[in-house]
Amino acid sequence: MTSQQQIITIVILAVITFMTRALPFIVFPAGKPTPKYIQYLGKALPLAVFGMLVVYCLKDVQWLEGSHGIPEILGIAAVVLMHLWRRQLFLSMAVGTAVYMILIRVMV
């Protein structure tokens, strides 16, 4: 890419980023209540995303070979238990990831 193309690319990306950040404030101003369907999506979509993430992460696990999915199962169990105990999403994900990463290194 030439310098001019790089500058144009950066400007376009900056404008798009700004617009995606500003759009919710334009569409849903502070004085008006948020529509019920948007509130519903705000509650339902995070769970749907995590459900899809679990399915995606487990789709290639070889249940009848090697470690038989033990690191994956224990990693998921760690996430669930940590979340039930502390109710902190990022802490739960960090602990589950750490458990999984340690297990895949130990259970070779």
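Parameters and conventions
- Residues numbered from 1 in each chain as written.
- Predicted model: local features only at pLDDT ≥ 70, side-chain atom pairs only at ≥ 80, totals over all residues.
- Heavy atoms only, no water.
- Helix = DSSP H or I, 4+ residues; strand = E, 2+ residues; numbered from the N terminus.
- Buried < 20%, exposed > 50% of the residue type's maximum accessible area, 1.4 Å probe, protein only.
- Domains from an automatic or database assignment.
- Contact = heavy atoms within 4.5 Å.
- Buried area = accessible area lost by both parts, 1.4 Å probe.
- Salt bridge = Lys/Arg side-chain N within 4 Å of Asp/Glu carboxyl O.
- Polar contact = N/O pair within 3.5 Å; in protein donor to acceptor, adjacent residues only side chain to side chain.
- Nonpolar A, V, L, I, M, F, W, Y, C, P; charged D, E, K, R; others polar.

A look at unusual backbone geometry
Item 1. Even without being a glycine, H68 presents a positive backbone phi close to 60 degrees.
Item 2. Relative to the helices and strands, H68 resides in the loop between α2 (36-58) and α3 (70-86).
Item 3. The exposure class of H68 is partly exposed, given its relative accessible area of 40%.
Item 4. At R87, a residue that is not glycine, the phi angle is positive and equals roughly 55 degrees.
Item 5. Mapping R87 onto the fold places it in the loop between α3 and α4 (89-106).
Item 6. Judged by its relative accessible area of 57%, R87 is exposed.

Some words on the domain arrangement of the protein chain
Item 1. Taken as a whole, the protein chain is organised into domain 1 (1-56) and domain 2 (58-108).
Item 2. For domain 1 and domain 2, the distance between their C-alpha centres works out to 30 Å.
Item 3. Taken together, the contact between domain 1 and domain 2 spans four residues of the former and five residues of the latter.
Item 4. For the pairing of domain 1 and domain 2, the buried interface totals around 380 Å² over both sides, and the portion due to carbon and sulfur atoms is 70%.
Item 5. Counting the surface domain 1 buries against domain 2, the share from its top three residues, F50, V54 and Y56, is 86%.
Item 6. Counting every contact that joins domain 1 to domain 2 gives zero salt bridges.
Item 7. Put simply, domain 1 and domain 2 have four residue pairs in polar contact (both at pLDDT 80 or more) between them.
Item 8. Split by residue class, the side of domain 1 that touches domain 2 holds four nonpolar, no polar and no charged.

Overview of the environment of A77
Item 1. Position of A77 among the secondary structure elements: in helix α3.
Item 2. Residue classification places A77 among the partly exposed positions, given a relative accessible area of 31%.
Item 3. Counting along the chain gives 19 residues from A77 to G96, while the straight-line C-alpha distance between them is 7.6 Å.

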